[in-house]
Amino acid sequence: MSVTHEEVLRIARLAELDVDEATLPVLTEQMSRILEFVAQIGDVPASESAKPFVPGPDAVRFRADEVKPWPLAFGPDKLAPAFRGGFFLVPKLGQFEEEGQ
Amino acid sequence: MTAGGGWETVIGLETHVQLRTASKMFCGCSAAFGAAPNTNVCPVCLGLPGALPVPNEQALKLAVRAALALGCTLHPKSVFARKNYFYPDLPKGYQISQFEQPLATDGTLSYLSPDRGLTTATIVRLHVEEDAGKSLHDRFPKQTAIDLNRCGVPLIEIVTGPDFRSPQEARRYLQTLKQVLEYAGISDCDMEKGSLRVDANVSVRRAGAAALGTKTEVKNINSFAYVEKALSVERDRQIALLEGGGTVAQQTLLYDSKTSSVRPQRSKEESHDYRYFPDPDLPPLVLTEEFIAEQQAQLPELPAKKRERFMAQYALSVNDADVLTGDRAVADYYEAVVRAGADTKLAANWVINEVLGDAKTHQERLRVPAGALAQLIGLVRGGTLSQQAAKRVFAEVAERGGEPRNVAEALGVVQVADSGVVAGWVSEVLGAHPQEVMRYKSGETKLLPFFVGQVMKVSRGKADPKLAQKILEEKLAA
Amino acid sequence: MSDPGEALANAKAAADRIVKAKRLNACLTPPKELRQSLQKQAQAAHPSGVLYGMPVAVKDNICTLDFTTTCGSQILAGYRSPYDATAVAKLKAAGALIAGKTNCDEFGMGSSTEHSAYGRAVHPFDKTRVPGGSSGGSAALVAAGAVPAGLGSETGGSVRQPASFCGIVGIKPTYGRVSRYGLVAFGSSLDQIGVFGRSVHDAARVLSVISGRDPRDSTCEARDPLRLPTVPESLQGFVVGIPKEYFPPDLDAAVRRACDRAIRVLKELGAAVREVSLPHTPYAVPTYYIIAPAEASSNLARYDGARYGPRFDGALDVRALYRATRGTGFGPEVRRRILVGTYVLSAGYYDAYYRRAQQMRALIAQDFRNVFDRGVDLLFTPTTPTPAFKAGEKLADPVAMYLSDIFVVTANLAGLPAMSLPIGRIKGLPIGGQLIGQAFLEDEMIEAAYALERMVPGTEDA
């Protein structure tokens with residue numbers, strides 16, 4: 001199952017990753033290789049199936065509704081690359097439209 | 001304005017409702033509104049490396065109650081799924097929601113359509129998810145400010161089928177939905193505070209057509225009034241487009257309340273491939289029969305049933321019952337007033353007019369205690385206070401408290417219903433107006449109100465007007 | 001040890017050894033910070049803790065209040081976590097010392113620690129070779145004798161494989177045995193913190209301390225911490241399965257000899273040994289390389305330069321910020337996996353890839369259940385198809401690197417406990433043998449490992 005350059009670029013956009021034009025051909029080849037490799041699971045007939053398996057507990061446990069946040073040794077202001085007046089800052093959305101929320 | 005011209009409007013609504021919990025959906029931070037920005041945060045809702053979600057029991061209880069209140073089929077096993085997309089106020093780069101296996105499906109909600117009478121909306125699904133943070137675009141120049149306090153607050157998403165045939169219907173459904181959810185204590189449903197948000201899908205088709213037209217999504221509707229306006233605007237836009245020979249493009253539009261128009265949201269490229277998959281950080285949500293039964297037991301009498309009961313039990317008209325059951329607090333208050341001994345009809349009038357009127361200007365508070373109102377109503381019924389006087393006493397009790405009887409005396413508005421005393425005033429008045437007495441006796445019975453007025457004047461408003469009238473009639477007949 | 005003076009001396013000695021081993025590029029913590037912290041920790045440690053004074057190196061994808069947490073990536077360069085992972089908090093509560101953060105493949109993605117943004121880690125016995133990955137740094141430090149134990153993490157064998165390459169013990173617990181709170185997520189349904197030790201005992205007792213319930217991790221089972229077994233006299237009563245798919249005809253002859261020797265020892269110890277089959281084994285690596293990247297593509301979406309970590313500035317709008325930060329901050333292997341993961345989850349491909357892979361995973365888990373249900377207690381296999389390979393050898397073709405995980409990923413897919421212990425040397429390079437146990441029966445697996453360790457000449461050429 002090979003992928004085309006266009007598909008790689010489309011996937012990269014979905015994943016918010018810059019792909020530089022120079023590396024695109026190699027990347028496309030590597031992705032094709034990987035996808036061909038993993039596609040071999042298709043060799044197992046679809047009739048073969050087992051009870052769905054997810055490791056871990058069978059059912060989620062609930063937490064009591066109490067205001068007891070997990071500890072933070074220091075606040076967002078110390079973590080953030082840009083912070084002002086109590087807010088995280090990012091460059092203005094150019095390609096987004098605000099939703100007034 | 002209706003569609004007319006052979007067009008039918010088809011509207012579906014997606015409502016997001018914040019659940020009334022103390023803490024967030026997946027972490028122990030406070031879910032309260034209004035805190036200083038980025039103060040109700042922790043590793044989980046900040047989306048820090050290594051943090052993991054742990055679901056809030058109360059959120060699930062409220063979600064199940066909401067599903068039951070809406071007559072949904074509850075799925076004892078449901079699955080949390082990740083909805084993946086990038087946005088500044090979504091710290092993990094995904095929202096924990098539900099997709100293929102939601103909590104509940106196939107519910108209904110009856111509401112009074114202005115066009116079609118009592119109608120049923122279908123609830124296609126109800127699922128649990130977490131809220132995102134807030135992006136503020138105008139706070140700093142060239143920057144977007146992000147506040148993650150709201151990130152992780154529990155939400156339920158309620159999706160209807162394409163059930164509504166007019167913007168007015170859609171609004172009425174929403175009001176009914178809000179009422180039911182408030183009754184069940186699920187949420188404040190406050191559109192201004194954002195605890196109820198709605199997105200709409202709108203399409204039009206020729207009346208009688210079987211197929212649905214292309215639908216658009218309308219967002220950024222921030223009040224019940226705007227629901228109606230926004231949907232009307234979009235419907236009209238689509239009709240105009242189609243009548244002009246164009247086609248409706250499937251897109252997302254934002255409502256602008258300032259210009260009363262919709263404009264396309266500049267497309268978030270590929271924004272609709274959310275790549276949902278079951279969240280591997282959360283085992284399946286399994287509800288036991290006991291858990292579900294407990295939530296069912298916690299549901300109060302819902303509005304429609306309460307209205308029916310009020311009509312039957314208190315002999316109220318459908319309109320009066322509707323107003324009294326509009327808000328659960330008001331319904332409970334009315335019943336408390338009746339329980340305290342007030343006449344049901346009088347109580348209804350007082351609550352609907354005075355109490356609710358006062359509440360409107362005082363942050364919706366029911367300022368006069370139920371027992372006090374019952375006493376007040378009793379005083380009017382017994383003739384101790386005139387209606388006017390009672391209103392004065394009401395206002396006083398609302399403002400400064402106190403027992404109505406005492407307040408009435410302090411205000412000096414207690415009516416005299418002692419026939420002897422009133423008879424005295426009547427005699428005084430009759431004595432002072434012999435001409436009018438003669439005119440009355442010769443047939444000008446329309447002078448009766450004049451005499452009553454004089455008795456009121458001479459008694460400085462204290463005479464019970466009905467008693468005065470009765471005694472006047474007796475004396476004048478003699 | 002219960003003497004603070006002794007603890008301080010130990011801490012200093014550990015710091016010295018770690019700094020001396022800097023040619024391994026295993027420890028990412030600068031020497032000065034390491035020394036100062038170890039001293040402070042030794043002074044503050046609980047003397048009554050069962051691990052009092054024990055220096056434990058911690059893989060850099062596990063959050064610690066002390067030191068930075070970079071996950072071997074530029075995108076978290078200089079990042080300081082405002083909380084300790086639960087496993088780290090438990091270590092500290094037991095009096096252990098966090099002896100620096102160790103080098104790893106970026107975000108755990110790799111099998112050689114060559115995909116670190118901070119340079120490759122080096123094999124302790126042969127500097128031209130890799131120590132394995134992704135937990136190569138912790139493995140190298142333990143193997144070099146700098147620390148008695150280290151924490152690593154597994155998604156697809158990243159503790160057992162380096163343990164095999166470096167000649168030490170590496171244990172991966174049952175999924176849900178150890179809390180993942182604070183383990184930076186890569187493949188959430190596969191990830192577990194694992195332990196390295198120079199002996200089964202050292203690794204097992206650290207595992208015991210970090211295991212147990214944690215209300216902060218919904219996938220962590222509500223169990224008491226692991227109880228350690230005693231060293232058994234024999235393995236009478238144990239039934240050990242030898243899955244034939246792990247001994248293919250083209251298995252390296254020296255690896256086979258080492259395994260055969262270990263199997264002989266198991267028999268000599270009284271275990272019943274029988275051949276079994278895990279028929280879906282050939283599909284394990286492809287299945288893993290669908291599920292893990294898919295989950296990773298979602299788990300790594302949070303790294304965007306907006307709220308923490310470095311920001312690649314000059315971006316004109318926030319989309320550009322994301323793309324630049326992620327394009328530059330992630331290395332090539334991480335980018336490839338994010339892209340593969342995004343692809344297999346995307347519309348039109350989800351059913352054929354992701355959904356199908358989950359079904360394969362169920363078949364693989366069922367293979368194990370079928371075998372264990374028929375009276376087998378444990379499985380024994382080689383850990384890796386070869387000893388440590390040379391640096392650069394597997395970089396040209398990503399799939400070549402993936403195939404080195406062939407014997408280890410099944411246990412991650414099935415959520416089972418598994419461990420590697422040294423069973424010999426091949427031309428001087430260590431090689432490990434693997435035990436795979438039943439869910440939450442680590443004690444049986446460790447019991448067998450104790451016995452095997454005593455009798456197998458782990459440092460002898462096979």
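Everything that follows concerns the structure shown earlier in this document.
Residues numbered from 1 in each chain as written. Chains lettered and ligands numbered in written order. Predicted model: local features only at pLDDT ≥ 70, side-chain atom pairs only at ≥ 80, totals over all residues.

Novice: Can you explain the overall build of chain A? Please cite residues and give values.
Specialist: On a plain count of helices and strands, chain A comes out with 3 helices and 2 strands. Overall, chain A shows an N-to-C arrangement of helices and strands of α-α-α-β-β. The C-alpha atoms of chain A give 23 Å as radius of gyration, which overshoots the globular expectation for 101 residues (13 Å, by more than 25%). Seen through its C-alpha atoms, chain A measures out along the principal axes to roughly 55 × 45 × 30 Å. Per-residue burial for chain A yields a buried fraction of 30% across its 101 residues. (Helix = DSSP H or I, 4+ residues; strand = E, 2+ residues; numbered from the N terminus. Rg over C-alpha atoms; globule rule 2.2 N^0.38 Å. Buried ≥ 20, exposed ≤ 12 C-beta atoms within 10 Å, placed from the backbone.)

Novice: Give a detailed account of the sheet that holds strand β8 (residues 378–382) of chain C, specifying residues and quantitative values.
Specialist: Residues and elements named next belong to chain C. Across the sheet, which stays open at both edges, the 10 strands sit in the order β2-β1-β3-β5-β4-β9-β10-β8-β6-β7 with mixed pairing between neighbours. Two strands in the sheet have a free side with no partner beyond their single neighbour: β2 (97–102) and β7 (272–276). Averaged over all pairs of adjacent strands, the angle between their axes in this sheet comes to 30 degrees, without regard to strand direction. Strand direction decides the pairing type here: strand β3 (residues 149–154) and strand β5 (residues 192–197), joined by 6 bridges, are antiparallel. If you follow Gly-150 over to β5, its bridge partner there is Phe-196. Set on the sheet, helix α2 (residues 31–44) makes contact with β1 (55–59) and β2; between it and β2 the angle comes to about 155 degrees. Contacts from helix α7 (residues 253–268) reach β6 (239–243), β7, β8, β9 (418–426) and β10 (429–436) within the one sheet, and its direction differs from that of β9 by about 115 degrees. (Pairing = 2+ DSSP bridges. Axes fitted to C-alpha atoms, helices over the stretch in contact; angles between N-to-C directions. Contact = placed C-beta atoms within 7 Å.)

Novice: An account of the interface of chain C and chain A is needed here, citing residue identities and associated values.
Specialist: With 57 residues of chain C in contact, the opposing surface of chain A contributes 48 residues. For the side of chain C that touches chain A, the secondary structure elements donating two or more residues are α8 (284–299), α9 (318–329), α10 (332–345), α11 (351–373) and α12 (398–403) of chain C. Ranked by the residues each element gives to the side of chain C that touches chain A, the list is headed by α11 of chain C, at 11 residues. Split by residue class, the side of chain C that touches chain A holds 31 nonpolar, 14 polar and 12 charged. (Nonpolar A, V, L, I, M, F, W, Y, C, P; charged D, E, K, R; others polar.)

Novice: Residue-level account of the packing of helix α8 (residues 328–339) of chain B against helix α9 (residues 344–360) of chain B, with values.
Specialist: Residues and elements named next belong to chain B. Where α8 contacts α9, the axes come no closer than 10 Å and their chain directions differ by 135 degrees. In terms of axis orientation, α8 runs oblique to α9. The handedness of the crossing between α8 and α9 is right-handed. Here Val-330, Tyr-333, Tyr-334, Val-337 and Val-338 of α8 come into contact with α9, specifically with Thr-344, Ala-347, Val-351 and Leu-356. (Parallel < 35°, antiparallel > 145°, perpendicular 65-115°, else oblique. Left-handed = near helix turned anticlockwise from the far one by under 90°.)

Novice: Tell me about the sheet that holds strand β8 (residues 134–140) of chain B, and please be specific about residues and values.
Specialist: The strand order across the open sheet formed by 4 strands is β1(A)-β2(A)-β9(B)-β8(B), and the pairing between neighbours is antiparallel. In the strand order of this sheet, the two ends are held by β1 (83–84) of chain A together with β8 of chain B, each with one partner. Where β1 of chain A meets strand β2 (residues 87–91) of chain A, 2 bridges bridge the pair, whose relative direction is antiparallel. Bridge assignment links Arg-84 of chain A to a residue of β2 of chain A, and that residue is Phe-87 of chain A.

Novice: Before we move on, can you summarise the pairing of strand β13 (residues 252–256) of chain B with the specific residues and values?
Specialist: Residue and element names in this part refer to chain B. With 4 of its 5 residues buried, β13 lies for the most part within the structure. Sheet topology note: the strand β12 (residues 216–221)/β13 ladder contains 3 bridges and is parallel. Residue pairing in the sheet places Val-218 in a bridge with Leu-253 of β13. Crossover connection from β12 via helix α4 (residues 224–243) to parallel β13: handedness left-handed. Note: β13 against strand β14 (residues 261–264), 4 bridges, orientation antiparallel. Residue pairing in the sheet places Tyr-255 in a bridge with Val-262 of β14. If you look at the hairpin formed by β13 and β14, you'll find 4 residues sitting between the two strands, and Ser-260 has a positive phi there, around 55 degrees. (Right-handed = clockwise from strand over helix to strand, strands pointing away.)

Novice: Now, about the interface of chain B and chain A: what can you tell me, with residues and values included?
Specialist: If you look at the interface, chain B gives 50 residues, while chain A gives 36 residues. Tallied by class, residues from the side of chain B that touches chain A come to 24 nonpolar, 15 polar and 11 charged. In this sheet, strand β9 (residues 143–147) of chain B lies alongside β2 of chain A in antiparallel orientation, the contact comprising 4 bridges. Across the sheet, residue Val-90 of chain A finds its bridge partner in β9 of chain B, namely Thr-144 of chain B.

Novice: Go over the environment of Val-455 of chain B, please, and point to the residues and values.
Specialist: Residues and elements named next belong to chain B. The residue Val-455 is located in helix α15 (residues 448–458) in this model. Residues Val-455 and Ala-468, spaced 13 residues apart in sequence, show a C-alpha to C-alpha distance of 7.1 Å. Those residues in contact with Val-455 that lie beyond four places of it in its chain are Trp-425, Val-426, Val-429, Ala-463, Ala-468 and Leu-472.

Novice: Describe in detail helix α6 (residues 200–210) of chain C, supporting the description with residues and values.
Specialist: Residues and elements named next belong to chain C. When you tally the buried positions in α6, you get 9 out of 11 residues, the bulk of the element. Buried residues of α6: Val-200, Asp-202, Ala-203, Ala-204, Val-206, Leu-207, Ser-208, Val-209 and Ile-210, and no others. Once α6 ends, the next one or two residues include Gly-212, with phi positive near 115 degrees.

Nothing here speaks to function; it is all geometry.
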